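# Report on the structure
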Amino acid sequence: MNTTTAAEPENTGTALGPDIESPTSSPEMEPDSTVYRTLLESTRAIPWKIDWATMCFTYIGPQIEALLGWTPESWVSIDDWVERMHPDDRDSVVNFCVTQSKSGVDHEADYRALTREGHYIWIRDVVHVVRKDDEVEALVGFMFDISERKQQEEELLRLKSELETLSYSDSLTAIANRRQFDLVLEREWAHARRDQRPLAVIMLDIDHFKEYNDRYGHPAGDVCLQRIAACLAGAVSRQQDLLARLGGEEFVLVLPDTDIDAAHALAQRCLQQIRDEAIAHTSSRIASTLTASAGVASMIPDDRSTAAQLVESADRALYQAKRSGRDRVAIAAADNPPPAT
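Every chain's residues receive numbers from 1 upward, in the order its sequence appears when written. Since the coordinates come from a predicted model, pLDDT governs what is reported: local features require at least 70, and pairs of side-chain atoms require 80 or more to be given and counted, while whole-chain, interface and lining totals use all residues. Computation of side-chain values: all heavy atoms of the structure, hydrogens and water removed.

Turning our attention to the packing of helix H6 (residues 178-195) against helix H10 (residues 307-323). Each pair of packed helices gets described by two things: the angle between the helix axes and the distance between those axes. For the pair H6 and H10, the least separation of the axes is 10 Å and the interaxial angle reads 115°. What the angle tells us is that H6 and H10 run roughly perpendicular. The two elements H6 and H10 meet at a crossing, and its hand is right-handed. Between H6 and H10, the contacting residues are Phe181, Leu185, Glu186 and Trp189 on the first element and Ala307, Leu310 and Val311 on the second. Of the residues assigned to the contact of H6 with H10, the class counts are 6 nonpolar, no polar and 1 charged. Helix axes use the C-alpha atoms of the stretch in contact, all axes being lines fitted to C-alpha atoms, and the angles between their N-to-C directions lie in the range 0 to 180 degrees. Going along the chain from the N terminus, every DSSP run of H or I of four or more residues is numbered as a helix, and every run of E of two or more is numbered as a strand. We call two directions roughly parallel when the angle between them is under 35 degrees, roughly antiparallel when it is over 145, roughly perpendicular when it lies between 65 and 115, and oblique otherwise. Helix crossings fall into two classes, left-handed where the near helix is turned counterclockwise from the far one by less than a right angle and right-handed where it is turned clockwise. Contacts were defined at the residue level, with two residues in contact if any of their heavy atoms lie within 4.5 Å. Amino acids outside the nonpolar list (Ala, Val, Leu, Ile, Met, Phe, Trp, Tyr, Cys, Pro) and the charged list (Asp, Glu, Lys, Arg) are all regarded as polar, and Gly is one of them.

A word on the nonpolar core. Among the nonpolar cores identified, the biggest contains 32 residues, and Ile202, Leu204, Ile228, Leu232 and Phe251 are the most heavily contacted of them. Setting aside anything within four residues of it in sequence, one finds Leu204 in contact with Leu232, Glu249, Glu250, Phe251, Cys270, Leu271, Ile274, Ala292, Ser293 and Ala294. Within the second largest apolar cluster, 28 residues are counted, among which are Ile46, Trp52, Trp75 and Val94. As used here, the term nonpolar core means buried Ala, Val, Leu, Ile, Met, Phe, Trp, Tyr and Cys residues forming a set that is joined through side-chain atoms within 4.5 Å. Note on exposure labels: buried denotes an accessible area under 20% of the residue type's maximum, exposed denotes more than 50%, and partly exposed covers the range between, all computed with a 1.4 Å probe on protein chains only.

It is the contact of helix H7 (residues 209-216) with helix H8 (residues 218-235), at a shortest axis distance of 7 Å, that shows an interaxial angle of 130°. One element, H7, and the other, H8, form an angle in the oblique class. Together, Phe209, Tyr212, Asn213 and Tyr216 of H7 and His218, Ala220, Gly221, Cys224 and Leu225 of H8 make up the contact between the two elements. Grouping the constituent residues of the contact of H7 with H8 by class yields 6 nonpolar, 3 polar and no charged.

What follows covers the pattern of salt bridges. One speaks of a salt bridge when a side-chain nitrogen belonging to Lys or Arg is within 4 Å of a carboxyl oxygen belonging to Asp or Glu. Per the stated rule, a full pass over the model turns up 18 salt bridges. One salt bridge in this structure joins Asp110 and Lys150, with 4.0 Å as the shortest N-O distance. Within this pair, whereas Asp110 is found in strand E4 (residues 107-114), its partner Lys150 is found in helix H5 (residues 147-167), the two being separated by 40 residues in sequence. Here the two residues Asp110 and Lys150 agree in accessibility, since each one is buried. Close ionic contact of Arg194 with Asp195 constitutes a salt bridge, the shortest N to O distance being 2.9 Å.

Moving on, we get to the environment of Ser288. Position of Ser288 relative to the elements: it lies in the loop between helix H9 (260-277) and strand E10 (292-299). Overall, the relative accessible area of 56% leaves Ser288 in the exposed class. The sequence separation of Ser288 and Ala278 amounts to 10 residues, and the corresponding C-alpha distance is 8.6 Å. Those residues in contact with Ser288 that lie beyond four places of it in its chain are Ile279, Ala280, His281 and Thr282.

Another point: the sheet that holds strand E11 (residues 329-332). Two strands qualify as a pair provided DSSP detects at least 2 bridges between them. The strand order E8-E9-E7-E10-E11 describes an open sheet built from 5 strands, whose pairing is mixed. With partners counted over all chains shown, the strands left at the sheet margins are strand E8 (242-247) and E11, one partner each. Here the average twist between neighbouring strands, direction ignored, is 20°. Of the strand pairs in this sheet, E10 and E11 are connected by 4 bridges, and their pairing is parallel. Counterpart to Ala294 in the pairing with E11 is Val329. Each of strand E7 (199-206), strand E9 (250-256), E10 and E11 is contacted by H10, which is oriented at about 145° to E10, the strand it contacts most.

Let us look at the packing of aromatic side chains. Pairing of aromatic rings covers Phe, Tyr and Trp, the last counted by its six-membered ring, and requires centre-to-centre distances within 6.5 Å; plane angles under 30 degrees mean stacked, over 60 mean edge-to-face, and any other angle means tilted. This structure, assessed with the given rule, holds 6 aromatic pairs. For the ring pair Phe209 and Tyr212, a centre distance of 5.8 Å and an interplane angle of 5° mean the geometry is stacked. You can see Phe209 and its partner Tyr212 sitting in helix H7, 3 residues apart, about one turn around the helix. Assessed through its relative accessible area of 5%, Phe209 is described here as buried. Assessed through its relative accessible area of 6%, Tyr212 is described here as buried. Ring centres of Tyr212 and Tyr216 lie 4.6 Å apart, and the angle between their planes is 40°; this geometry places the pair in the tilted category. With Tyr212 and Tyr216 both in helix H7 and 4 residues apart, the pair spans about one turn of that helix. Judged by relative accessible area, which is 28%, Tyr216 ranks as partly exposed.

Take a look at the structure:
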């Protein structure tokens, strides 16, 4: 439901109904009530008037029947308006409109209105509060069909959501990209610091991937990266964990509430699943199938540490794993050289 409050009205108003008064001051310019009614009822907007004392409709345009299927005669009191409103919109819209009306403030409200056939369409009510002697005398306004506009808004929101998803996803592997990694890392770092819980990062790199591309070609290399991403995604079981591709053949996992031992075990499992994929790599200098190396770090954040230090620690561990022969995991504390395993 969308509501907008307009400026407070002056102490005058134009009534709608059989006894319509002209808003002009010159008698020569005043149309008779028949002409004025014709003008109102020839528009797509639906005019209406409610008497404040009785809360009953004293007028509603015949266009209402074409739009909603309900005859003008069926709109007797404000209860009919309320009952023909979507249940999810009802309380907020009614409370808003009543509050603004009591305060003498013109306003607008969007809501879904029930048709006689049983479905809903979006309506915008534009309400003007008519006062006399500083007391609310009546409400007059127009109903507008905004269904098409709402459909356009929903389509724009859907497209925006798709674009946002694409902007945070790696186009090749469909997992998170560096941009999403940076955002999630900062968020989880803040949570870990607040709760004094460990946060772990695994940096993972495919061994001798340049040689793989040279031997099998870049299209095959792309397929290989997609298989590795799917393989790693299968190893990550918790919803709060993030798997991202940083670029090229480098992947990273962000693991909230994970100590070094648990992160080490997961890294070993990831490497084993890559071995189990048995992707041929005859140009590798360490195995006949594709392998990977990983570096692991875990920290409980404090006032002296940063998320960047955690990533740097995992990256140093990855470098150590490569220096130690690849196809293995190296673990690191924040300030200590990592042992290879």
